[in-house]
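Next come the chains, spelled out residue by residue.
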Amino acid sequence: YVLPRHICAYLIYKTTFISLKDIGQMLGGRDHTTALHARETISTLLSYDEALQHDLELIKNMLAFFKPMTKVEHERNLGVFLGYKLSSTSKRFKC
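Keep in mind the model is a prediction, meaning the values are calculated, not measured.

A. Broad picture of the overall build of the protein. What the protein contains, in helices and strands, is 5 helices and 2 strands. Reading the protein from its N end, one meets helices and strands in the order α-α-α-α-α-β-β. When the 95 residues of the protein are sorted by exposure, 23% land in the buried category. Taking contacts inside the protein between residues at least 6 apart in sequence as the whole, the part at least 24 apart equals 45%. Accessible area for the protein stands at about 6,900 Å²; split by element, carbon and sulfur atoms hold 59% of it.

B. Focus on helix 3 (residues 32-46). With 15 residues, helix 3 should reach 21 Å at 1.5 Å per residue; the first-to-last C-alpha distance of 21 Å fits that figure. Contact partners of the buried residues in helix 3: helix 1 (2-15), helix 2 (20-26) and helix 4 (50-63).

C. Quick look at the pattern of salt bridges. Under the defined criterion, the tally for this structure stands at 1 salt bridge. Here Glu57 and Lys60 are joined by a salt bridge, their closest N and O atoms 4.0 Å apart. In this pair, Glu57 and Lys60 both sit in helix 4, 3 residues apart, roughly one turn of the helix. Since its relative accessible area comes to 42%, Glu57 is described here as partly exposed. On the basis of relative accessible area, Lys60 is assigned to the partly exposed category, the value being 35%.

D. Molecular detail of the packing of helix 1 against helix 4. At a closest axis distance of 12 Å, the pairing of helix 1 and helix 4 adopts a crossing angle of 55 degrees. Of the possible angle classes, the one that applies to helix 1 and helix 4 is oblique. The interaxial crossing formed by helix 1 with helix 4 has right-handed handedness. Facing Ile7, Tyr10 and Leu11 of helix 1, the residues of helix 4 in contact are Leu52, Leu56, Ile59, Lys60 and Leu63. In terms of residue class, the contact of helix 1 with helix 4 is made up of 7 nonpolar, no polar and 1 charged.

E. Region of interest: the packing of helix 3 against helix 4. Between helix 3 and helix 4, whose axes approach to 8 Å, the crossing angle comes to 115 degrees. Two secondary-structure elements touch here, helix 3 through Ile42, Leu45 and Leu46 and helix 4 through Leu52, Gln53 and Leu56. Among the residues making up the contact of helix 3 with helix 4, the classes are represented as 5 nonpolar, 1 polar and no charged.

Rules of the game
Residues numbered from 1 in each chain as written. Predicted model: local features only at pLDDT ≥ 70, side-chain atom pairs only at ≥ 80, totals over all residues. Heavy atoms only, no water. Helix = DSSP H or I, 4+ residues; strand = E, 2+ residues; numbered from the N terminus. Buried < 20%, exposed > 50% of the residue type's maximum accessible area, 1.4 Å probe, protein only. Contact = heavy atoms within 4.5 Å. Areas by Shrake-Rupley, 256 points an atom, 1.4 Å probe, with all protein chains shown as cover. Expected span 1.5 Å × (residues − 1). Salt bridge = Lys/Arg side-chain N within 4 Å of Asp/Glu carboxyl O. Axes fitted to C-alpha atoms, helices over the stretch in contact; angles between N-to-C directions. Parallel < 35°, antiparallel > 145°, perpendicular 65-115°, else oblique. Left-handed = near helix turned anticlockwise from the far one by under 90°. Nonpolar A, V, L, I, M, F, W, Y, C, P; charged D, E, K, R; others polar.

In structure tokens, the structure reads:
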């Protein structure tokens, strides 16, 4: 089950403003080094694995149907996902 998690971390990193630390948290409470390793692994595999290149293109095309979000929208959605509230005055998360 490692490859799907690596692909997920790679796509989240490449298509959002979410930090490696938060990606690790989203993927089962892992730390940022897990997300970093996933990004590096998938980047390396993409340099020579044509099947993975094709699969990622299919996934990206499926995801293209979703409306792109601004950085603030990403932060707000991530905060909800991780259980934080976004402070309306400071634009920072509060527990």
